[in-house]
Amino acid sequence: MMRRIDDIIIRRAGAPDMDAVSRVIASAFDDKIVAIGGQKRAGRVVPIIVGSMRGEKFIAVTGGEVVGAIIVTTEEIDPVDGNVLKVVKVLGLFGALKAWRVARSYTRSTPKRLEKEGVLEAVGVMEDHRGQGVGGLLVRRAEARLKNLGMKTFGLGVKENSEAVRFYERLGFEVVTKYHNRLGDWLYMRKRI
Amino acid sequence: MGAKRAREHEHELEEALRQAERCSTTECSFCRDNCPSYRLNAFESGNPRGKNRVLAAYSEGRLDIEDLLEIVLDCAVCGQCSEACLADAGIYGQIPKVREFLQREGLIPEEMNASARRALDDGTPYPSKDRSWSEGLPEKASVGYFPGCNVLANNPKLAVHTVALLEREGVRPAAIDEHCCGSSVFNAGMADDFRDNAGMIAAEIKKKGVKRLITSCPGCTNVLVNLQPKVAKMPFKTVHITEFLASRKPGKALPGDAGKAAGGRVAYHDPCNLGRKLGITEEPRKIIEALGFELLEFRFNRARSACCGGGGGLGTVHPESSLELARDRVDEALAMGADALVSTCQTCTTRFARAAKGDIETLDLVEMIPI
């Protein structure tokens, strides 16, 4: 039965929700589960990955069931112009110098995020609940949180020519640049918040 | 597990945790850009940053060793993650140790073990080895030539051609081809067998009086220069053929000097083992330019070159997927307008030829040098 969007509650994910968050995010990568070693192994590995992802996590709940999840981050540590003291503390002075050298010389494919830019790391909606506006609700909730945290822009990377591009355009994101990595051609989209 | 092995294991797990901590300090994800494993498995666990997290979870007892299987075997051991890492936490350095854990637990796939056993028993991981190339070469000489199993299995003419070039330069080498370098043994995590095999190679080379060993295969060269000296005494100097040819005395033209070759536009692919692990990047370019070709550069090149898909046993475990990686390189060469895709590694060129399906000529650089 098709649920109405009013039935969906979006709330912050707590520690007890991590398994559900993992399940939902994994559902967005269903075609990759074989590469992780099948459903059983993915059931153990994916929660480790999702649990270790830093950032703000929200879930969409309906009828007591978690049907969607989103993870956004607000911080990226860059040894060139980021939190130098933190880098030195963990890597030591020599390690930090090496990090600085690599960061200076490396041309990364992914566009560098702006100062005070939140970035969408992952979003997923369970297959039975797609096409009902759940993803939009999650993105808007994450956007509101980013704004409260003082972020000025919201950015994300999306595969070029994918249906998701239209989805993000409807939510107010605009393509700012194209980039390429070993996964193919990508668009970086951004909106002011 | 013996007490000593248990202590080593504990130490290795602690290092994995420290590495994951360093990795999470920056969370830069530079390693993801060019990772062949991430290209095949676009989930976070497919890239070096995610692999670090999974390995740390295993070290903390939150995952079983079987959970590491795909993560470790999907790695081409190409080393680009270490090259790009801000935090000295590339997963590349951890993979051989974890493969040893998997080998001890009997979890390495049979196709990898079979390849390693052939290398140990037959002196080649391939079904056959053409040794006719060495007919007429001296039993003993101060210079030896080690073509490598891949060359002898897939392109034995390259060995004959290389010997002809060496002879033209006044070098008549002894043939060194009894044993495989043991790369597939190392990749399968068979540490003890790898050590024994290194000792046998050292004995063969010593018996033939070789002080300077010239190689064709970058994979073998990396094993001989970087890996075997850690487990056995290797009392000789190893030189890749491109280093040898590019180091001819000033004024003495390279074999097949400029103008004699056909010209054309050549995209040069740096093999991971040669460019990244041995730092040999300029010598092949010097030869290409001396031959009169226009050199075209890939976006990811030299020490940051992209893997052809054949490293670390990836081609054995995932033959189809590894060809996708080779095809990426072929497509980039075609997009640059190259007439030929050239490398100095038989693993790379064989893979490129299969992926190209005739769309572009694929060659070993040494084959391009006229006798």
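Treat the numbers as computed from the prediction; the structure is a model and nothing was measured. (Residues numbered from 1 in each chain as written. Chains lettered and ligands numbered in written order. Predicted model: local features only at pLDDT ≥ 70, side-chain atom pairs only at ≥ 80, totals over all residues. Heavy atoms only, no water.)

### Here's the deal with the overall build of chain B
- A count of helices and strands for chain B gives 18 helices and 8 strands.
- The C-alpha atoms of chain B give a radius of gyration of 21 Å, which matches the 21 Å a tight globule of 371 residues would have.
- Expressed along its principal axes, the backbone C-alpha trace of chain B runs to roughly 60 × 50 × 35 Å.
- A burial count over chain B gives 62% of its 371 residues as buried.
- Restricting the contact set of chain B to residue pairs at least 6 apart, pairs at least 24 apart contribute 74%.
- Total accessible area on chain B stands at roughly 14,000 Å², and carbon and sulfur atoms take up 49% of it.
- Counting 48 positive and 52 negative side-chain charges, chain B places the centres of these two groups 6 Å from one another. (Helix = DSSP H or I, 4+ residues; strand = E, 2+ residues; numbered from the N terminus. Rg over C-alpha atoms; globule rule 2.2 N^0.38 Å. Buried < 20%, exposed > 50% of the residue type's maximum accessible area, 1.4 Å probe, protein only. Contact = heavy atoms within 4.5 Å. Areas by Shrake-Rupley, 256 points an atom, 1.4 Å probe, with all protein chains shown as cover. Lys, Arg positive; Asp, Glu negative; His and termini not counted. Charge placed at Lys NZ, Arg CZ, Asp CG, Glu CD.)

### Remarks on the overall build of chain A
- Within chain A one finds 6 helices and 7 strands.
- Starting at the N terminus and ending at the C terminus, chain A contains elements arranged as β-α-α-α-β-β-α-β-α-β-α-β-β.
- Once local pairs closer than 6 in sequence are excluded, the contacts in chain A between residues at least 24 apart make up 69%.
- As displayed, chain A offers around 10,300 Å² of accessible surface, 51% of which is attributable to carbon and sulfur atoms.

### Considering the interface of chain A and chain B
- Contact with chain A, which involves 37 residues of that partner, is made by 47 residues of chain B.
- Interface area, chain A with chain B, both sides summed: about 3,700 Å², of which 57% is carbon and sulfur.
- Our enumeration of links across chain A and chain B arrives at 1 salt bridge.
- The shortest N-O distance in the salt bridge between R44 of chain A and D67 of chain B comes to 2.6 Å.
- Taken together, chain A and chain B are joined by 2 residue pairs in polar contact (both at pLDDT 80 or more).
- Contributions of two or more residues to the side of chain A that touches chain B are made by helix 2 (33-36), helix 3 (38-52), helix 4 (84-105) and strand 6 (174-181) of chain A. (Buried area = accessible area lost by both parts, 1.4 Å probe. Salt bridge = Lys/Arg side-chain N within 4 Å of Asp/Glu carboxyl O. Polar contact = N/O pair within 3.5 Å; in protein donor to acceptor, adjacent residues only side chain to side chain.)

### So, the nonpolar core
- Formed by 73 residues in total, the largest nonpolar core has its most connected members in V21 of chain A together with Y58, L68 and L213 of chain B.
- Not counting chain neighbours up to four residues away, the residues in contact with L68 of chain B comprise V54, L55, Y58 and V98 of chain B. (Core = buried A, V, L, I, M, F, W, Y, C linked by side-chain atoms within 4.5 Å.)

### Here we look at the domain arrangement of chain B
All names here are of chain B.
- When cut into domains, chain B gives domain 1 (3-107), domain 2 (111-246) and domain 3 (265-368).
- Computed over C-alpha atoms only, the centres of domain 2 and domain 3 are separated by 21 Å.
- Buried surface at the junction of domain 2 and domain 3, both sides included, amounts to about 2,000 Å², of which 67% is carbon and sulfur.
- Interface area lost by domain 2 to domain 3 is led by P218, T242 and A246, which between them contribute 26%.
- At the junction of domain 2 and domain 3, the tally comes to 0 salt bridges.
- The tally of links between domain 2 and domain 3 comes to 6 residue pairs in polar contact (both at pLDDT 80 or more).
- For the side of domain 2 that touches domain 3, the elements supplying multiple residues, two or more each, are helix 7 (110-122), helix 8 (149-154), helix 9 (156-168), helix 12 (218-227) and helix 13 (241-246). (Domains from an automatic or database assignment.)

### Side note on helix 3 of chain A
Residue and element names in this part refer to chain A.
- Between its terminal C-alpha atoms helix 3 stretches 21 Å, which fits the 21 Å expected from 15 residues at 1.5 Å a residue.
- Along helix 3, the sharpest kink reaches roughly 30°, centred on R44 and followed within four residues by the proline P47.
- Turning to helix 3, its buried residues number three or more, namely R41, A42, V45, V46, I48, I49 and V50. (Expected span 1.5 Å × (residues − 1). Bend = angle between axes of the 7 residues up to and from the residue.)

### Looking at the packing of helix 1 (residues 18-27) of chain A against helix 3 of chain A
Residues and elements named next belong to chain A.
- Direction vectors running N to C along helix 1 and helix 3 enclose 105°, while the axes themselves pass 9 Å from each other. Viewed along their axes, helix 1 and helix 3 adopt a mutual orientation that is roughly perpendicular. Packed against helix 1, whose contacting residues are D19, V21, S22, I25 and A26, the element helix 3 presents V46, P47 and V50 at the interface.
- Residues of the contact of helix 1 with helix 3, tallied by class, amount to 6 nonpolar, 1 polar and 1 charged. (Axes fitted to C-alpha atoms, helices over the stretch in contact; angles between N-to-C directions. Parallel < 35°, antiparallel > 145°, perpendicular 65-115°, else oblique. Nonpolar A, V, L, I, M, F, W, Y, C, P; charged D, E, K, R; others polar.)

### Here we look at the sheet that holds strand 3 (residues 212-215) of chain B
All names here are of chain B.
- Across the sheet, which stays open at both edges, the 4 strands sit in the order 2-1-3-4 with parallel pairing between neighbours. Bordering the open sheet on either side are strand 2 (174-175) and strand 4 (237-240), each of which pairs with just one other strand.
- Against the sheet, helix 9 makes contact with strand 1 (143-146) and strand 3, and its axis sits at roughly 160° relative to strand 1, the strand it touches most. (Pairing = 2+ DSSP bridges.)

### Some words on the environment of I91 of chain B
All names here are of chain B.
- Following the sequence through the fold, I91 ends up in the loop between helix 5 (80-84) and helix 6 (95-104).
- C-alpha separation for the pair I91 and V77, spaced 14 residues apart in sequence, amounts to 8.7 Å.
- Every residue in contact with I91, bar those within four places of it in the chain, is listed here: Q19, P48, K51, N52, L55 and C81.

### Topic: the pairing of strand 7 (residues 340-343) of chain B
Residues and elements named next belong to chain B.
- Of the two faces of strand 7, the one holding A340 and V342 and the one holding L341 and S343 are both buried throughout.
- Summarising the sheet, strand 5 (residues 265-268) and strand 7 pair through 3 bridges and their orientation is parallel. When the bridges of strand 7 are listed, Y268 appears paired with V342.
- Regarding the hand of the β-α-β motif, the stretch spanning strand 7, helix 18 (residues 346-356) and strand 8 (residues 361-364) is right-handed. (Right-handed = clockwise from strand over helix to strand, strands pointing away.)

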